[in-house]
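Residues per chain, in single letters:
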Amino acid sequence: MSFLKNILARVGLDTRAPHGSEAGHASFDVIVIGAGHNGLVCASYLAKAGRRVLVVEASEQAGGACQTGVIGGDTRGSRCAHLLRGLDPEVIKNLGLHRYGLKYAARTMPTVALDYDGAHIIFSHNPWQVAESIKPHSASDAERYPEFHKRILQFAEIINHWNGQTPGRLRGLFETGAFEDLSADAKALQQMGARFDVLTAEDKAEFLRLFVSSVGDLLDRSFDTQLLKGALAFDGVLGRAAGPFSPGTALGLLQQWTGEVAGTKPGIALPEGGMGAVIDALTRSVVARRGQVRCSARVAQILVENGRTVGVELASGERIFAPQVVSGTDPKTTLMDLLGREHMETRLATAVDGITQEGVTAKLNLVLDRMPKIRGFDPGQVPSARFIVAPSLDYIEQAFHPSKYGGFSPDPIMEVVFPTLNDASLSDHNEHVMSIIVQYTPFHLKEGWDNHREDFIQSCVDVLGNYMSGLGDHIIGGELLAPVDLEQQFNLRGGHWHHGEPDLAHQAMMRPAPGISQYLGPVKGLYLCSAGCHPGGGILGLAGKNAAERMLKDRVEPLRTVRSAHKAHHGDDEVEAAEADVSYGEAAQ
Amino acid sequence: MMDKASAKALEELPVSTRPADPLRVLPTPLHMKTSIACQANDWTSWAGYTVPNLCTSLEREMSALTRHAAMADLSPMGKYAVSGDDAARFLDHLLVANIADLNTGDVILTPMCQSNGRVINLVSVARLGATSWWLTCDGRHMNWLYQAAVGFDVTLVDYSDVHAGIMLAGPEVSRVLTAADLGDCTDIVLRGARRISWDGIDITLVHRGVGQVPGLSIWCAGSEAAIVWNRLMDGGADCGLEAVGRMACETLRIESGEPAPGRDFIPDPEALRSDRSRTAIELGFDHLIDEGKGVFNGRAALLEERANGSVLRLAMFSFQGAAPQAGTQLHKKQGRKDIIVGVATSTTSAPHRASARGLGFVVTDHVRPGDVLDVTIEETRELLQVTRKESCMVVEISG
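Residues numbered from 1 in each chain as written. Chains lettered and ligands numbered in written order. Predicted model: local features only at pLDDT ≥ 70, side-chain atom pairs only at ≥ 80, totals over all residues. Heavy atoms only, no water.

### A closer look at the overall build of chain A
Part 1 of the argument: A count of helical and extended segments in chain A gives 20 helices and 21 strands.
Part 2 of the argument: Its C-alpha radius of gyration of 24 Å places chain A within 12% of the 25 Å reference for a compact globule of 589 residues.
Part 3 of the argument: C-alpha atoms of chain A, sized along the principal axes, occupy 75 × 65 × 45 Å.
Part 4 of the argument: Considering chain A as a whole, with its 589 residues, one finds that 63% of them fall into the buried category.
Part 5 of the argument: A sequence separation of at least 24 residues applies to 74% of the contacts in chain A between residues at least 6 apart. (Helix = DSSP H or I, 4+ residues; strand = E, 2+ residues; numbered from the N terminus. Rg over C-alpha atoms; globule rule 2.2 N^0.38 Å. Buried < 20%, exposed > 50% of the residue type's maximum accessible area, 1.4 Å probe, protein only. Contact = heavy atoms within 4.5 Å.)

Here's what the structure looks like:
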């Protein structure tokens, strides 16, 4: 790691110059708000293009919802997001993330749909293998599966193509209403459809149908086996406040299947050292390109002068100036709180206010003294896989219901990963980490979260106990991160993983909200790069990449007349004090 | 035919639970008063309410308006109270004019725009106190105000259906006010606004001059409107005060060149295609747009229009003969071709003037003030449809 230290020292020396601003001069070309994965991807692309980039992060540690931390005793794990399902291969390649230390502990993880009797269905990228495991349940479903798999992957490829692009801007529909703009809108929509050409006429119709239908309907049309349908539907509803029969969830399934890891589709990978390793690699890639990452620097306000963005003001009162500011924090917080209502016109403010942002996904991290016995697998033969508890569509729908009314189901649906099976670096004492995503956990629990945490954990452990005997006896520590905790600890507004509900009304050119798209903020020089933008949540890095491309395309007007100099406001002493806090990416390691 | 018992039961139902009747037209709180004044029994519908169209005759009413004093029912107007710490910031955001600059007691007529700079309506804004404002307009916009208030600390109260409004206009209005024991408020005839208690009745007085005619509007609770009407009528008995209908008010409006929603322009939310509505600049409010003011609805679009010039502008016409129908196109010869260069959106025969007047829009590239344009007038004469060609002069173009 000495090369890294050298780089850090060099960057450190370079940045001894005051990072405030002299009147009329900006020390940076771009300020990135938030060192989450999208913020860092954006920063790294911009730094690669030669821009002087500063990333400011509110927390002590970079990463946002993508980080490795202590979850109990000495044992560490991915506290929030726990799997890589499609960090874009192009992003990895362009930014050289493998070069900066990104390694996989497991790269083609299968998915195991847990069956009470041990007849699990095991999903992998090979559909014929999957069919084998479906056979004990239904021979006809096993026969139909490979065709289904192929078709979903083909559709996912179209979504994947859209994900990598900046969607058109529907100015006529959402902004001006003028006739000529409406014709331009039609063209933009037509361009989206151009990708359809690879599909047969029948598939085109099916794709359009899938776009708006529910994953439950899709699966009921395709298969009979409840376990198979439950496991596939899980992907459709993951992270969404929607049940398997809610419209738009079929699209959710397609989006989850877009992921590619090391050439495998759909790919699921486990980074070595937990999800924080992704952030470490990204931070290194930013720092190596002479960018800076400052943690414990919460932005209080985006500064606007004469209708253009000129920089940010930190909670400490320090002002940093730059002609471009890009926000990796969610659009609602960025626009309503940091930018301020007065910089938005009514239609836009209403649209932003209308973003639904109450997460329904909790994270339960447990430390186990040893691996539990999983029904159907010989002890010691438990594969490193993603385990899913979602035995049927009805079961998922039942789990969904209480969450609509501020309650949680005693029978939740869950995704379980044991990262320590592949990654011994996380635990010093041969303990195991059980990383669990619990879907349909309301942000606002009717009776309040304070007195119901134990009940919640108990119901999760009870349900898992059906498949893993004696699980309760092995638990020696852990933490529950309900959506309220995610908001507090990870700065995720509403505890929402996707920075805004990815429903049909908030997709593509309508994401984050109708009238605001293409990563452009409402004020000149302000950009958005969070998961709240197209293509949405998950550790994809595409919002960051697309935003950076957009920013590099735009002409940057230098800050000629920045009226308020930092020193004039705070004096020399405070500038030095602020410098002492600076950490150049080290905090993330 | 409904029997008496069910008719009575229906009457006793609270208003909100009565079965909705799309054909039902509501009486205003002043209906009892106006129906006595409406000797011509000529009524018109305005925003779902009935108001007199003519009370006596247009000649007599115009004479009262321009020589003495006249009173009319304004109750169908939209009325909103805005208050709260952010009220000035909110209104500055919502409306085109620079609102924060207004002092207590000031009044301004300003367009309220969509983000594309197209006008939703014209709003009269009166500052009654440090954080208290009174908005009136010809239309209902609570939903829009509510949306615009997102993120602002303001309280919005819709008085549209519970408050009544009375217009008082004419050269003798000050005398009427003095006679009615409102001598302290005669300054409002020329400018300003105030909320006072008038012998136990809370009223809001807002300046409302129409063209050359001085005047004001008085707003009060619907339940007390008849008393206010009576007091004014009694006070104005010696000043030639008369009740007038909507036709006279419209005539005065057209002559003064004030565009109106639904007549001269389509309020933007009602336009099927946004480019059929009019921008604030096209309506002649260019002078209110302040580049130094922060973001307000329509700012970017209006500044762009100001830089590039508008295609259309509001104009005042004077017609040679009788006033043509609203919506009549105005032509001009260009070489051999006859091109359409304007439209008259509202017209009046103006009995007290030599020629008929009209408001409308002209294409700025083709028309200058003083130009004479051709009008084709279609009318029925002795049961026959005839077409005659006349001319009209462009008296004034806004901006």
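### Quick word on the sheet that holds strand β20 (residues 475-481) of chain A
All names here are of chain A.
Part 1 of the argument: One open sheet holds the 7 strands; their spatial order is β7-β6-β16-β17-β18-β14-β20, and the pairing between them is mixed. This sheet does not close on itself; its edge strands, each paired only once, are β7 (121-123) and β20. Neighbour to neighbour, the strand axes of the sheet diverge by 20° on average, direction disregarded.
Part 2 of the argument: Judged from the 6 bridges that link them, strand β14 (residues 361-368) and β20 form a sheet pairing that is antiparallel. Bridge pairing in β20 links Leu368 to Ile475.
Part 3 of the argument: Strand contacts of helix α18 (residues 483-490): β14 and β20, with the helix running at about 80° to β20, the strand carrying the most contacts. (Pairing = 2+ DSSP bridges. Axes fitted to C-alpha atoms, helices over the stretch in contact; angles between N-to-C directions.)

### A short note on the sheet that holds strand β11 (residues 308-314) of chain A
Residues and elements named next belong to chain A.
Part 1 of the argument: Strand order in the open sheet made by the 3 strands is β10-β11-β12, with antiparallel pairing throughout. The open sheet has two free edges, formed respectively by β10 (299-305) and β12 (319-321), since each of these has just one partner strand. Averaged over all pairs of adjacent strands, the angle between strand axes in this sheet comes to 30°, irrespective of strand direction.
Part 2 of the argument: Two elements, β10 and β11, share 6 bridges in a ladder whose sense is antiparallel. Bridge assignment links Glu305 to a residue of β11, and that residue is Arg308.

### A word on the pairing of strand β4 (residues 75-78) of chain A
Note on strand geometry: in a regular strand, side chains alternate between the two faces of the sheet.
Residue and element names in this part refer to chain A.
Part 1 of the argument: The pairing of strand β3 (residues 68-72) with β4 spans 4 bridges and is antiparallel. Looking at the pairing, Val70 lines up with Arg76 of β4.
Part 2 of the argument: Linkage of β3 to β4, two consecutive antiparallel strands, is achieved through a turn of 2 residues, within which Gly73 is found at a positive phi near 60°.

### Remarks on the pairing of strand β18 (residues 432-439) of chain A
Residue and element names in this part refer to chain A.
Part 1 of the argument: Within β18, 8 of the 8 residues are buried, which leaves the element mostly enclosed by the surrounding structure.
Part 2 of the argument: Residues His432, Met434, Ile436 and Val438 line one face of β18 and the alternating positions Val433, Ser435, Ile437 and Gln439 line the opposite face, and both faces are buried.
Part 3 of the argument: Bridge count between β14 and β18: 8 bridges; the pairing is antiparallel. When the sheet's bridge partners are listed, Leu368 is paired in β18 with His432.

### Regarding the nonpolar core
Part 1 of the argument: Counting residues in hydrophobic clusters, the biggest one holds 165 residues, and the most contacted among them are Tyr145, Phe387 and Met434 of chain A.
Part 2 of the argument: With sequence-adjacent residues up to four places away left out, Tyr145 of chain A is seen in contact with Phe123, Pro127, Val130, Ile134, Phe223, Leu228, Leu232 and Trp257 of chain A.
Part 3 of the argument: Counting residues in each nonpolar core, the second largest holds 44 residues, with Leu94, Val96, Met112 and Ile289 of chain B among its members. (Core = buried A, V, L, I, M, F, W, Y, C linked by side-chain atoms within 4.5 Å.)

### Topic: the interface of chain A and chain B
Part 1 of the argument: With 17 residues of chain A in contact, the opposing surface of chain B contributes 20 residues.
Part 2 of the argument: Carbon and sulfur atoms make up 50% of the surface buried where chain A meets chain B, a total of about 1400 Å² over both sides.
Part 3 of the argument: Across the chain A-chain B interface, the total number found is 1 salt bridge.
Part 4 of the argument: The closest approach of N and O atoms between Arg89 of chain B and Glu342 of chain A, which form a salt bridge, is 3.0 Å.
Part 5 of the argument: Where chain A touches chain B, the interface holds 9 residue pairs in polar contact (both at pLDDT 80 or more).
Part 6 of the argument: Contributing elements (two or more residues each) for the side of chain A that touches chain B: α6 (171-176), α7 (179-193) and α14 (346-353) of chain A.
Part 7 of the argument: The element that contributes the greatest number of residues to the side of chain A that touches chain B is α14 of chain A, accounting for 5 residues. (Buried area = accessible area lost by both parts, 1.4 Å probe. Salt bridge = Lys/Arg side-chain N within 4 Å of Asp/Glu carboxyl O. Polar contact = N/O pair within 3.5 Å; in protein donor to acceptor, adjacent residues only side chain to side chain.)

### A look at the side chain of Thr258 of chain A
Part 1 of the argument: Tracing the chain through its elements places Thr258 of chain A in the loop between α11 (249-256) and β8 (270-271).
Part 2 of the argument: Setting aside its immediate chain neighbours within four residues, Thr258 of chain A contacts Ala156, Ile159, Asn160 and Asn163 of chain A.

### Observations concerning the environment of Ala119 of chain A
Residue and element names in this part refer to chain A.
Part 1 of the argument: Along the chain, the position of Ala119 falls in the loop between β6 (111-113) and β7.
Part 2 of the argument: Taking the C-alpha atoms as reference, Ala119 lies 29 Å from Ser78; in sequence the two are 41 residues apart.
Part 3 of the argument: Look past the residues within four positions of Ala119 in its chain and what remains in contact with it is His137 and Leu227.

### A word on empty space enclosed by the protein
Unoccupied space between atoms shows up once a probe the size of one water molecule is rolled over them.
Residue and element names in this part refer to chain A.
Part 1 of the argument: Scanning the entire structure with this criterion turns up 3 cavities of 30 Å³ or more.
Part 2 of the argument: Roughly 220 Å³ of volume is contained in the largest cavity.
Part 3 of the argument: Contributing to the lining of the largest cavity are 21 residues, with Thr111, Phe123, Pro266, Ile268 and Arg386 lying nearest its centre.
Part 4 of the argument: Secondary-structure elements contributing two or more residues to the lining of the largest cavity are α5 (139-163), α10 (226-237) and β16 (386-389). (1 Å grid on protein atoms, 1.4 Å probe; cavity = no way out; pocket = protein on both sides within 12 Å on 5 of 7 lines; lining within 4 Å. Points joined across faces, edges and corners; volume = space filled by probe spheres on them.)

### Quick word on the packing of aromatic side chains
Residue and element names in this part refer to chain A.
Part 1 of the argument: Under the defined criterion, the tally for this structure stands at 19 aromatic pairs over all chains.
Part 2 of the argument: Arranged with centres 6.0 Å apart and planes meeting at 15°, the rings of Phe408 and Trp449 form a pair that is stacked. Of the two residues, Phe408 sits in the loop between α15 (393-404) and β17 (413-417) while Trp449 sits in the loop between β18 and α16 (453-465), which places them 41 residues apart along the sequence. With respect to class, Phe408 is no different from Trp449; both count as buried.
Part 3 of the argument: Among the aromatic residues, those joined into a cluster by ring pairs are Phe123, Tyr145, Phe148 and Phe223. (Phe/Tyr/Trp six-rings, centres within 6.5 Å; stacked < 30°, edge-to-face > 60°.)

### Examining a nonpolar patch on the surface
Residue and element names in this part refer to chain B.
Part 1 of the argument: On the surface, a nonpolar cluster with roughly 240 Å² of combined accessible area is contributed by Val372, Met393 and Val395.
Part 2 of the argument: Examined against the element boundaries, Val395 turns out to sit in strand β20 (residues 384-397).
Part 3 of the argument: By relative accessible area, Val395 is classed as partly exposed at 35%. (Patch = residues over 30% accessible without salt bridge, like charges linked within 9 Å, V, L, I, M, F, W, Y side chains within 5 Å. Areas by Shrake-Rupley, 256 points an atom, 1.4 Å probe, with all protein chains shown as cover.)

### Looking at the domain arrangement of chain B
When the parts of a complex come together, some accessible area is lost, and that lost area is often used as the size of the interface.
All names here are of chain B.
Part 1 of the argument: By domain assignment, chain B separates into domain 1 (24-77 + 161-256), domain 2 (78-158) and domain 3 (268-397).
Part 2 of the argument: For domain 1 and domain 2, the distance between their C-alpha centroids amounts to 24 Å.
Part 3 of the argument: Each partner contributes to the roughly 1300 Å² buried at the junction of domain 1 and domain 2, and carbon and sulfur atoms together form 55% of this total.
Part 4 of the argument: Across the pair Arg191 and Asp106 runs a salt bridge, and its minimum N-O distance is 3.2 Å.
Part 5 of the argument: Here domain 1 is connected to domain 2 by 8 residue pairs in polar contact (both at pLDDT 80 or more).
Part 6 of the argument: Those elements that place two or more of their residues in the side of domain 1 that touches domain 2 are β10 (163-169), β11 (193-198) and β12 (201-207).
Part 7 of the argument: A per-class count over the side of domain 1 that touches domain 2 returns 9 nonpolar, 5 polar and 5 charged. (Domains from an automatic or database assignment. Nonpolar A, V, L, I, M, F, W, Y, C, P; charged D, E, K, R; others polar.)

### So, the pattern of salt bridges
Part 1 of the argument: Enumeration according to the criterion identifies 45 salt bridges over all chains in this entry.
Part 2 of the argument: For Arg85 of chain A, the salt bridge is made with Asp235 of chain A, and the minimal N-O distance between the two is 3.1 Å. Residue Arg85 of chain A is found in the loop between β4 and α3 (89-95), and its partner Asp235 of chain A is found in helix α10; the two are separated by 150 residues along the sequence. Here the two residues Arg85 of chain A and Asp235 of chain A agree in accessibility, since each one is buried.
Part 3 of the argument: Among the charged side chains, a salt-bridge network with shared partners connects Asp138, Glu250, Arg253, Arg263 and Asp264 of chain B.

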